Each structure stands twice: as structure tokens, then as C-alpha cells.
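Residues per chain are reported as follows:
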Amino acid sequence: AILAARLSKKAIDMSDLEEAATKVKLGPEKKRLQSDEDRKMTAYHEAGHALVSWHMPHMDPIHRISIVSRGLSLGHTMMEPTERIHETKTHLIEQITVMLGGRAAEQLIFKEMTSGASDDISQATKVARAMVTELGMSDLGPINLDGERHPFYEQTSVSPNMAAKIDEEVKKITDECYKDASKILLKLRAKLDVLAKELLKKETIESEQFAKLIGPKPAFAAVKG
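Remember, predicted model here, so these are calculated numbers, not experimental data.

Basis of the calculations
- Residues numbered from 1 in each chain as written.
- Predicted model: local features only at pLDDT ≥ 70, side-chain atom pairs only at ≥ 80, totals over all residues.
- Heavy atoms only, no water.
- Axes fitted to C-alpha atoms, helices over the stretch in contact; angles between N-to-C directions.
- Helix = DSSP H or I, 4+ residues; strand = E, 2+ residues; numbered from the N terminus.
- Parallel < 35°, antiparallel > 145°, perpendicular 65-115°, else oblique.
- Left-handed = near helix turned anticlockwise from the far one by under 90°.
- Contact = heavy atoms within 4.5 Å.
- Nonpolar A, V, L, I, M, F, W, Y, C, P; charged D, E, K, R; others polar.
- Phe/Tyr/Trp six-rings, centres within 6.5 Å; stacked < 30°, edge-to-face > 60°.
- Buried < 20%, exposed > 50% of the residue type's maximum accessible area, 1.4 Å probe, protein only.
- Pairing = 2+ DSSP bridges.
- Salt bridge = Lys/Arg side-chain N within 4 Å of Asp/Glu carboxyl O.

So, about the packing of helix α3 (residues 36-55) against helix α5 (residues 101-110). Remark: α3 packs on α5, axes separated minimally by 7 Å, with the N-to-C direction vectors making an angle of 125 degrees. By the criterion of interaxial angle, the relationship of α3 to α5 is oblique. Every pair of crossing elements has a handedness; the one defined by α3 and α5 is right-handed. Here Glu37, Lys40, Met41, Tyr44, His45, Gly48, His49 and Val52 of α3 come into contact with α5, specifically with Gly101, Gly102, Arg103, Ala105, Glu106, Ile109 and Phe110. Here the residues of the contact of α3 with α5 are counted per class, giving six nonpolar, five polar and four charged.

With the rule as written, the count across this model stands at one aromatic pair. Relative to phenylalanine 110, the ring of tyrosine 44 lies with its centre 5.7 Å away and its plane at 90 degrees, an arrangement referred to as edge-to-face. In this pair, tyrosine 44 is assigned in helix α3 and phenylalanine 110 in helix α5, connecting sequence segments 66 residues apart. On the basis of relative accessibility, which here comes to 9%, the residue tyrosine 44 falls in the buried class.

A word on the sheet that holds strand β3 (residues 204-206). Paired through backbone hydrogen bonds, the strands of a sheet run either parallel or antiparallel to each other. Sheet architecture is open: three strands sit in the order β2-β1-β3, paired in antiparallel fashion. For this open sheet the edge positions go to β2 (76-79) and β3, each flanked by a neighbour on one side alone. Averaged over all pairs of adjacent strands, the angle between strand axes in this sheet comes to 10 degrees, irrespective of strand direction. As defined by bridge partners, strand β1 (residues 62-66) adjoins β3 across three bridges and the pair is classed as antiparallel. Residue pairing across strands places arginine 64 opposite glutamate 206, the latter belonging to β3. Across the sheet, helix α9 (residues 207-214) touches β1 and β3, and the angle it forms with β3 is around 85 degrees.

Moving on: the side chain of serine 53. Turning to its location among the elements, serine 53 is positioned in helix α3. Dropping the residues within four chain positions of it, serine 53 is found in contact with Met59, Asp60, Ile62, Met79, Val98 and Lys217.

So, about the pattern of salt bridges. Tallied over the full model, the rule gives 11 salt bridges. For the salt bridge of aspartate 175 with lysine 171, the shortest nitrogen-to-oxygen distance reads 2.6 Å. In this pair, aspartate 175 and lysine 171 both sit in helix α7 (residues 160-187), four residues apart, roughly one turn of the helix. Residue glutamate 198 pairs with lysine 201 through a salt bridge whose shortest N-O separation is 3.9 Å. Placement of both glutamate 198 and lysine 201 in helix α8 (residues 189-202) is noted, with a separation of three residues, approximately one turn of the helix. Residue class for lysine 201 comes out exposed when judged on its relative accessible area of 61%. Among the charged side chains, a network of salt bridges with common partners joins Asp139, Glu169 and Lys172.

Structure follows, in C-alpha cells:
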């Protein structure tokens, strides 16, 4: 309602609701002075996230891609959430791959790494570590290794040797996901260029525009799970 009033509207419409929800989640829009190179890097970064997600069989459809700065973020890629009762290993792996799609795009296009991927890397590492230590989704087997203190002893339940193995498993997962993201973007390089160019021109692309620009989700990726 406040957003609509500021724009001198007589009624609240869906654009106001959409902006309000995005503001709560990501923060208000911020006008930052950015060089053309910075904007281009952000565009390819977000396009990388979007295309890897589009290519993945179990990821939700793209809802919005934007290079408008909000909070601490220079851009964002949002999916249309699908309610899931059970989280699968396959879907978690795909999530990590999508998270690392921005860094993979930077490396592919600019042969460079930027600080823009720091939060993505942090989130990807958290998911991978949860898979290993809490969900039993690694070669270490179905065991909880989250490091909780033993109720009768003042020491953690994970030995230094096991901690090293956990780190190895986490790295194995993130390394494989990054390789997959890089392979996908290399395969979709032409679409990556088209999407980044459109982002630079329009700054924000909604789901319908994305579908027209890139096409429907690949047939092999139509199954939800």
C-alpha cells in the first residue's frame, strides 16, 4: 500500500505486491554507480544462475532475473517455489550447481573471479556440508556428523580425522557441481550471451520474457522430483 501511494496510484496492483515481497526478501532497490564492466559481469553472473537452473531436471521455473542492486546484492535470480515434503539428494545437488552457476559464468566469459559469488559459495558450502554431516548423503554413509557435543563428555563427537574426511566430501560435492555448471554454460554459451545482453538492456526479466527469450524448459528436464 505504501509503495502504491508513493507512486500516486488509486489501487494496489500485482506489481506493488511483487515489489513488496522482493523488498522484504532482498531489500530495497539501490542506485549504485557501476562501471559498464561491472554491470556486464553482474549480467553474466545472473544469467549463469538462470541458465543452469533452466537446464536442470528438478529445479523450479525461473520467476525473475534482475541486475538491479538490492541490499548487499548486485542482482538476483528468483525461482517459482514448488512445495516439497521430501528433499532429495538429486535436488540438493542441482541447487548447489545453480548456486555456482554465477561463478562458472564469470570464469567462462571473463576468465576471472569476482567477489560477487561470495554469498553463493557460502550457501553452496552450507548445503553440501549439511548433506555430509546431517543427511547422510555422501560416501561417509548414513551417520550424523554435525559436531554436536556429547551429552556426557566435554568434547565434540567428531575426531580430527573424521573432520578432515568431512571436508574432503564437502569439497568433492562442490567441485563436481562447479564442473557441471561450467559444462552446462559452455554448451549454452549462445543463450548465455543473449540473456546477458537482454539483462543489460532491460535490467529485469520476468518469467514470461525469459521463456520467450530462451524457450521452454528442455523436455528431459520437465519431471519434478
